[in-house]
Amino acid sequence: VYLMIIQGLGCAVMAGGRLLMGRNSASGEIGHVSFGSEGRQCSCGKKGCIEAYCSETALLGELQRLGISQPEADSLPAVERLSAAIAKASHNAQVALVVDDAMDRLACCLAPLLAALDPAELLVGCRSLAVAKALGGSLQHKLRQKLLGVPIFDMPVIARQASEETAMRGAAGLMMSRYFRNI
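Position labels on residues start from 1 in each chain and follow its written sequence. Per-residue local features of the predicted model are confined to residues with pLDDT of at least 70, and side-chain atom pairs are confined, for both listing and counting, to 80 or more; whole-chain, interface and lining totals are unaffected and use all residues. The side-chain values count all of the structure's non-hydrogen atoms but skip hydrogen atoms and water molecules.

What about the overall build of the chain?
Strands here are runs of E lasting at least two residues and helices are runs of H or I lasting at least four, both read from the DSSP assignment and numbered beginning at the N terminus. Assigned secondary structure in the chain consists of six helices and six strands. Start at the N end of the chain and walk to the C end: the helices and strands fall as β-β-β-β-α-α-α-α-β-α-β-α. Each residue's exposure class comes from its accessible area (1.4 Å probe, protein chains only) as a fraction of the maximum for that residue type: buried when under 20%, exposed when over 50%, partly exposed otherwise. Taken over 183 residues, the chain has a buried fraction of 40%. Note on areas: Shrake-Rupley, 1.4 Å probe, and residue coverage restricted to the protein chains presented here. By element, 57% of the accessible surface of the chain is carried by carbon and sulfur atoms, the whole surface being about 9,900 Å².

A word on the nonpolar core
Ranked by size, the top nonpolar core spans 43 residues in total, and within it Leu3, Leu106, Leu110, Leu122, Leu135, Leu139 and Leu143 carry the most contacts. Sort the elements by how many residues they give to this core and helix H4 (residues 93-117) lands first, with eleven residues. Contacts were defined at the residue level, with two residues in contact if any of their heavy atoms lie within 4.5 Å. For leucine 139, the contacting residues outside a window of four places in its chain are Leu3, Met103, Leu106, Ala107, Leu110, Leu122 and Val124. Residues grouped as a nonpolar core are buried Ala, Val, Leu, Ile, Met, Phe, Trp, Tyr and Cys residues, joined through side-chain atoms within 4.5 Å.

As for the confidence of the model for the chain
Across the chain, each position has a pLDDT score giving the predictor's confidence in that residue, from 0 to 100. Summary statistics for the chain give a mean pLDDT of 83 and a share of 84% for residues scoring 70 or more. The weakest mean pLDDT in the chain belongs to helix H6 (residues 165-181) at 59; the strongest belongs to helix H1 (residues 51-54) at 94.

Details of the packing of aromatic side chains
A pair of Phe, Tyr and Trp rings is counted when the ring centres sit within 6.5 Å of each other, with Trp represented by its six-membered ring. The angle between the planes then sorts it: under 30 degrees is stacked, over 60 is edge-to-face, the rest tilted. The final tally for this structure, using the stated rule, is zero aromatic pairs. Lying over the aromatic face of tyrosine 53, arginine 105 brings its terminal NZ or CZ to 3.9 Å of the ring centre. Only when the NZ atom of a Lys or the CZ atom of an Arg is both within 6 Å of the ring centre and within 35 degrees of the ring normal do we say a charge sits over the ring.

So, in structure tokens, the structure goes:
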């Protein structure tokens with residue numbers, strides 16, 4: 001299972017060497033799963049979507065709201081500002097709390113999927129490897145709490161750096177597989 005946390009939130013599931021696409025080719029669209037009608041406003045117009053809490057944009061917004069992001073860093077790209085803020089997590093309880101809260105929400109969303117699929121591993125991709133490691137580490141801890149007693153309790157969570165092209169490559173692969181499936 002591959003989880004990509006960038007400006008949005010997406011997931012891909014591979015089984016038997018093939019990408020699972022689903023009936024509507026929307027498999028893995030977890031960013032807009034909502035946990036009720038309350039909560040933060042999402043870019044899609046709904047409230048409470050997991051993306052509104054766990055995407056790079058959401059995390060950076062929450063850190064800025066708490067005054068943790070440095071004003072002089074505003075000229076930097078969002079991924080660099082988020083990396084700098086998350087680097088403070090080891091010595092800033094507020095940063096650690098923001099990360100842990102977001103990853104707890106994400107673990108609630110992913111735990112049933114992971115328990116049902118029993119994957120060999122979970123790859124977490126972010127545009128910054130440091131962010132992927134921080135989020136992946138927190139997510140692994142939260143998943144272990146939620147999956148205690150389930151056989152996949154010890155599933156590794158592996159951090160990967162995702163590029164801007166990662167989503168485009170996935171979309172291109174999806175279109176190619178649709179084309180060749182219909183030939």
